[in-house]
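Examination of the molecular architecture
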Amino acid sequence: MLPAEWVTIRRTGISESAGSMSLPALQAAVRVLEAGLRQGSGEPLCERVAEALAKSVSAERVELLNGGAGWKPEWSWPKQVRPAGGDLPTNLVSDALDRGAAAAIAAAPGRSALLIAPLDPELLANRVLAASRSRGSFGRADAELLAAIASTISAVLVHGQ
């Protein structure tokens, strides 16, 4: 099994979680909320949110994966085909959903570093957000940031449409 750094996601309301967020997580949550509120750009909501998250964690790619569809992406940013060798470690994606935890997963030969987190099960059941980058690894701080804003991302994706 690939090494992973796990961070449990606390399911709280947005205002309650904001009070316990680190400054980088709070800044990322604000970027996601602003992306959700931005109107008239012609860019779909999911792409605006994904781009805001990508900037927050220096990711090259962000995807929303559907566990009910064999972990196929519902959408990705940018809208390009997954790079060669970019197969997902579906066992770890499933573990993230089962644990209710975010994880930073080290790069492996032929596979980028990953940052994964399940979204709010009441809003987006069986959905996991995955960010990747080919250079450098994600660390515990990145997993903590994604764990802290997973509920915010869920709310923006559901209520912003």
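Scroll up to find the structure this text is about.
Throughout what follows, the structure given in this document is the object of discussion. Model, not experiment: these values are computed from the prediction. (Residues numbered from 1 in each chain as written. Predicted model: local features only at pLDDT ≥ 70, side-chain atom pairs only at ≥ 80, totals over all residues. Heavy atoms only, no water.)

1. Notes on a nonpolar patch on the surface
A grouping of L23, L26 and V30 is seen on the molecular surface, where their side chains present a nonpolar patch of about 250 Å² in accessible area. Positionally, L23 belongs in helix α2 (residues 23-37). You can call L23 exposed: its relative accessible area is 57%. (Patch = residues over 30% accessible without salt bridge, like charges linked within 9 Å, V, L, I, M, F, W, Y side chains within 5 Å. Areas by Shrake-Rupley, 256 points an atom, 1.4 Å probe, with all protein chains shown as cover. Salt bridge = Lys/Arg side-chain N within 4 Å of Asp/Glu carboxyl O. Helix = DSSP H or I, 4+ residues; strand = E, 2+ residues; numbered from the N terminus. Buried < 20%, exposed > 50% of the residue type's maximum accessible area, 1.4 Å probe, protein only.)

2. Digging into the packing of aromatic side chains
Counted according to the given criterion, the structure contains zero aromatic pairs. Across from the ring centre of W6, 4.0 Å away, lies the NZ or CZ of R99, which sits over that ring. (Phe/Tyr/Trp six-rings, centres within 6.5 Å; stacked < 30°, edge-to-face > 60°. Lys NZ or Arg CZ within 6 Å of the ring centre and 35° of its normal.)

3. Notes on the pattern of salt bridges
Applying the stated criterion across every chain, the model contains six salt bridges. The partner of R140 in a salt bridge is E144, with the nearest N and O atoms 3.1 Å apart. Placement of the pair is R140 and E144 together in helix α5 (residues 140-159), with a separation of four residues, close to one helical turn. R140 gets classed as partly exposed once you look at its relative accessible area, which sits at 38%. Residue class for E144 comes out partly exposed when judged on its relative accessible area of 38%. Bridged by salt links that share partners, the residues E5, R140 and E144 form one connected network.

4. Structural notes on the side chain of R111
Summarising the element assignment, R111 is placed in the loop between β4 (101-105) and β5 (113-118). Its relative accessible area of 10% is what places R111 among the buried residues. Of the polar contacts made by the side chain of R111, one reaches the backbone oxygen of A106; its length is 3.0 Å. (Polar contact = N/O pair within 3.5 Å; in protein donor to acceptor, adjacent residues only side chain to side chain.)

5. Here we look at the pairing of β4
Along a regular strand, successive side chains alternate from one face of the sheet to the other. Of all five residues making up β4, five are buried, and the element is well covered by its neighbours. Alternating positions in β4 separate into two faces, A101, A103 and I105 on one and A102 and A104 on the other, with burial throughout. Note: strand β1 (residues 4-8) against β4, five bridges, orientation antiparallel. If you follow E5 over to β4, its bridge partner there is A104. Inspection of the sheet shows β4 paired to β5 by three bridges, in the antiparallel sense. Looking at the pairing, I105 lines up with L114 of β5. (Pairing = 2+ DSSP bridges.)

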